[in-house]
Amino acid sequence: MSESAPLGSFAAMNLPAPLLRALEDVGYEQPSAIQAEAIPALLAGHDLLGQAQTGTGKTAAFALPLLARLDLARRTPQILVLAPTRELAIQVAEAFQTYARHLKDFHVLPIYGGQSYEVQLRQLKRGVHVVVGTPGRVMDHMRSDKLNLDGLQALVLDEADEMLRMGFLEDVEWMLTQIPPTRQVALFSATMPKEIRKVAQRHLRDPQVIKVAQKTATADTVRQRYWQVSGLHKLDALTRILEAETYDAMIVFVRTKTATVELAEKLQARGHSCEALNGDVPQKQRERTVERLRQGKLDILVATDVAARGLDVQRVSHVINYDIPTDVEAYIHRIGRTGRAGKTGDAILFVSPREKRLLQSIEKTIRQPIEPMQMPSARAINEQRVQRFKQRVRDALGSGHNEFWYQLLTEVQQEESAEPLEIAAALAALLQGDAPLLMNEKEKPPRAREVGKKAAQNEARPLRRHKTSAGGKALALKGHPEIEMQRYRLAVGYLHEVKPGNIVGAIANEAQLDSEYIGHIEIYEKFSTVDLPAGMPKETLFALKKARVCQQRLDLRPATERGGQNTAPRPTAAKKGKPKSKKKGNAGKGKKRGE
Ligand code: AMP
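Residues numbered from 1 in each chain as written. Predicted model: local features only at pLDDT ≥ 70, side-chain atom pairs only at ≥ 80, totals over all residues. Heavy atoms only, no water.

### Quick notes on helix α9 (residues 194–203)
- Of the positions making up α9, those classed as buried are Glu195, Ile196, Val199, Ala200 and His203. Buried residues along α9 cover an arc of 145 degrees about the axis, so they all sit on one side. For α9, the exposed residues set more than 90 degrees away from the buried face come down to Lys194 and Gln201.
- Packing partners of the buried residues in α9 comprise β1 (48–51), α7 (160–165), α8 (169–178) and β6 (184–189). (Buried < 20%, exposed > 50% of the residue type's maximum accessible area, 1.4 Å probe, protein only. Helix = DSSP H or I, 4+ residues; strand = E, 2+ residues; numbered from the N terminus. Arc of directions from axis to C-beta. Contact = heavy atoms within 4.5 Å.)

### Section: the sheet that holds strand β11 (residues 300–303)
- Read from one edge to the other, the open sheet built from seven strands follows the order β10-β11-β9-β12-β13-β8-β14, with strand pairing classed as parallel. What marks the edges here is a single partner per strand, and that holds for β10 (274–277) and β14 (371–372).
- Bridge count between β10 and β11: four bridges; the pairing is parallel. Residue pairing for β11: Cys274 is matched across the bridge by Ile300. (Pairing = 2+ DSSP bridges.)

### Notes on the pattern of salt bridges
- Summed over the entire model, instances satisfying the criterion amount to 29 salt bridges.
- Salt-bridge contacts for Glu243 lead to Arg388; the nearest nitrogen and oxygen are separated by 2.8 Å. Of the two residues, Glu243 is situated in helix α10 (residues 234–244) and Arg388 in helix α15 (residues 378–398); the sequence distance between them amounts to 145 residues.
- Residues joined by salt bridges that share partners form a network here, namely Lys58, Asp158, Glu159 and Arg354. (Salt bridge = Lys/Arg side-chain N within 4 Å of Asp/Glu carboxyl O.)

### A short note on the environment of Ile39
- Checked against the element boundaries, Ile39 lands in helix α2 (residues 33–43).
- With residues near it in sequence (within four places) discarded, Ile39 still touches Phe10, Met13, Leu15, Ala60, Ala61, Leu64 and Pro65.

### Comments concerning the site of the ligand
- Around the ligand, the surrounding shell holds 13 residues, and the nearest of these are Tyr28, Gln35, Gly55, Thr59 and Arg255.
- One nitrogen or oxygen atom from the side chain of Gln35 is found 2.7 Å from a nitrogen atom belonging to the ligand.
- Between the ligand and Thr56, the relevant distance is 3.0 Å, taken from an oxygen atom to a main-chain nitrogen or oxygen of the residue.
- Coverage of the ligand by the protein chains reaches 80% of its 500 Å² of free accessible surface.
- Along the lines of polarity and charge, the residues of the shell around the ligand split into three nonpolar, eight polar and two charged. (Near = heavy atom within 4 Å. Polar contact = N/O pair within 3.5 Å; in protein donor to acceptor, adjacent residues only side chain to side chain. Areas by Shrake-Rupley, 256 points an atom, 1.4 Å probe, with all protein chains shown as cover. Nonpolar A, V, L, I, M, F, W, Y, C, P; charged D, E, K, R; others polar.)

### A few points about the packing of aromatic side chains
- Per the counting criterion, the structure on display carries seven aromatic pairs.
- With a centroid separation of 6.2 Å and 45 degrees between ring planes, the pair formed by Phe62 and Phe96 is classed as tilted. Placement of the pair is Phe62 in helix α3 (residues 58–68) and Phe96 in helix α4 (residues 86–99), with a sequence separation of 34 residues.
- On the basis of relative accessibility, which here comes to 0%, the residue Phe62 falls in the buried class.
- Residue placement shows Arg137 over the ring face of Tyr117; its charged tip is 3.7 Å from the ring centre.
- Sitting over the face of the ring of Trp174, Arg143 holds its NZ or CZ atom 4.2 Å from the ring centroid. (Phe/Tyr/Trp six-rings, centres within 6.5 Å; stacked < 30°, edge-to-face > 60°. Lys NZ or Arg CZ within 6 Å of the ring centre and 35° of its normal.)

### With respect to the pairing of strand β5 (residues 154–157)
- Along β5, one buried face is formed by Ala154 and Val156 and the opposite face, lined by Leu155 and Leu157, is buried too.
- Relative to β5, strand β2 (residues 79–82) runs parallel, the two sharing four bridges. Within β5, the residue paired with Leu82 across the bridge is Leu157.
- As paired strands, β5 and β6 are joined by four bridges and run parallel to one another. In the strand pairing of β6, Val156 is matched with Ala186.

### Comments concerning unusual backbone geometry
- A positive phi angle is found at Asp105, which is not glycine, with a value near 60 degrees.
- You can see Asp105 is positioned in the loop between α4 and β3 (108–111).

### Considerations on the side chain of Thr56
- Checked against the element boundaries, Thr56 lands in the loop between β1 and α3.
- Take Thr56: its relative accessible area is 7%, and that puts it in the buried class.
- With sequence-adjacent residues up to four places away left out, Thr56 is seen in contact with Ser32, Ile34, Thr326 and Leu358.

What follows is the structure, given as structure tokens:
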């Protein structure tokens, strides 16, 4: 498929050869919808306003064209990407590294809170081409003249609405005023609240606006469910589905060619009749594979979108979106591979926490909710395995061809003077081999951090906290009453024009703490308090002491500790009136400081 650079392929996009090679390495078959539009626009030097969620391929949509225009000989930052969280910053930096793997002497540096300034400064001194960072840290480096952006060619604002929610928008705007006016700006946001549109109006020059148009029709013969990835790996979840669902044939969709092969191998190793189907498989062989699926000689295909285009096999009862598709159109096409010819079908979508937005946009476009599903528990799976095992024994008992074995085992029984059931048990163990029949039922609950990430990264809700008790005692954390909280004091208050969102953003990034775990915040004149999980590691507390918000060192310390004035806030602590800005909700309102 990809040999002759068809229209709409990466090869047709005028990307330099080393980048195309990297894309071949990672196994992308075709540009996603956002890439098809953004890459040419950015290559042509336009500013860009793109509405896209995580999972749409937006990182490659800006990384590839900007890398294409990079001057490797100049070792100064030419591309700056601002991302709301350290996780995203790291992920984006890794993506740059991946796409630039064949560019000689290429350097990208992630800059985020919680990491030592010294390390970052040393790397900066050595010379980097791309900086990817969280706004707070990047701004610190800029203010202290450690990050020289005179040679900057392009600035990307990634997940702008999330930056707004975390209280970073003003910092971002400040940075926009500090960079060369000739630079290119690309702004990506899952939603376009008016604050973001305003930033775009003020700082983008005649931007190309990209919002991929979506088809809306899905067959109503397909039952659509989604599973929020948590606690289990996707592979384990798929294995459970394969056991628990009654299916005839199944197509499992993944993003890349490489992934088709890897996953197919893993499923084969688990005893499933499965093959990979991707654009690299020669046409003839593809046809043979599909034919085997049709005839029931094969049950599972692991495919890319390209390879499964137009696939029409009535036996396909299930479509699993193992990797979420990059756009709604692809989703609609995928699930259309089942429920064909009047039959009903099942579609299951795996959604990782960061991809929740994409799920919402699929639901919005197809104008129907997709039901959440629970992964079958280990116990339920075990019950089925026991039933299946009994059935195998029953079938064998009923087959009536056991005379030879009967004789042989009678001999064993006499020689060993064993009970018949003992012998049967020994044979069952032999039959089962090394893999135990039953799964371990002590399922590990999802790790707290994963749970936290879910809330921190995906819910666009404003951060609301409990009503205050205004005392020095920390309040219970909403949704996690089991977590003991401790009240801390921060050396920044409304005199410094701090808003709750600034505090949340800084702590989330500097302490690597999911914002769900950041409790009640109160802002007083010269200081604030924040409730955080008790027993935070020393290094984290140290990092938070040094972190800066509104140009103040946070100097975080337990609210009961001596050494600061107004250490433990009392209701009367604020002679000047009640504590201000109790709600973090206004973090998202983007008001000007001091308003
Ligand atoms: P992003 O929306 O940038 O977070 O990307 C989501 C995922 O899609 C990442 O795992 C990328 O590696 C993958 N991806 C991006 N572009 C493509 C493409 N054209 N084909 C297949 N996978 C892609």
